[in-house]
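Topology and contacts: notes
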Amino acid sequence: MDNTKELIECMKKMGIDNAEYWSDKEISDNKYATLAMLRFLRPLQKSLDNYLESHDIWVNSELTRRNSKISGVLEEMISAGVKTEAIGILAYWISRMSLNSVLYRLDDPAGADYDLENEGEDLPRWVLLEQVISKEGNKINAKLTGRMLAGMYEVFPFKNPNE
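The rules behind these values
Residues numbered from 1 in each chain as written. Predicted model: local features only at pLDDT ≥ 70, side-chain atom pairs only at ≥ 80, totals over all residues. Heavy atoms only, no water. Phe/Tyr/Trp six-rings, centres within 6.5 Å; stacked < 30°, edge-to-face > 60°. Buried < 20%, exposed > 50% of the residue type's maximum accessible area, 1.4 Å probe, protein only. Helix = DSSP H or I, 4+ residues; strand = E, 2+ residues; numbered from the N terminus.

A few words on the packing of aromatic side chains. Scanning the entire structure with this criterion turns up 4 aromatic pairs. Relative to W58, the ring of Y51 lies with its centre 5.1 Å away and its plane at 85°, an arrangement referred to as edge-to-face. Each member of the pair, Y51 as well as W58, is classed as buried. With 4.7 Å between their ring centres and 75° between their planes, Y104 and Y153 make a pair best called edge-to-face. Taken as a pair, Y104 in helix α6 (residues 84-107) and Y153 in helix α7 (residues 152-155) lie far apart in primary sequence, 49 residues in all. Classification of Y104 as partly exposed rests on a relative accessible area of 41%. Overall, Y153 belongs to the partly exposed group, its relative accessible area being 25%.

Structure, rendered in structure tokens:
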């Protein structure tokens, strides 16, 4: 992004609350890639929101898959009087916990390997890095900036449902 105003506008279009705050972090931080992180998290947020906002559609879609185990579980829940809204809330929270576990693991390549020899210290690690793409005519250039996407489990989800 060329300027702060453009960056703030982009973040607002992405549905990011506190765009001014995040824009300032993006501009001032040479170590962490805030915009790339938010862009990575955005589709995950949309998936979560879908369970809450479109619970009827999601439940009915799963019910049409007659041979799936989930349709049987959903049928039992509905027969027991559980409303689709409550099913959506349950799906939201299970998904949220799972996504946060993955995001935490992405951020901590040495964690959770305590059962391995040397706790996995000698094994390969990973880091998510920001990549910038530019075009020159028909040529596409990709460059790693060296800025990390980190701490995503601390930011996600962007918004919480009414609890």
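Next comes the rest of the description.
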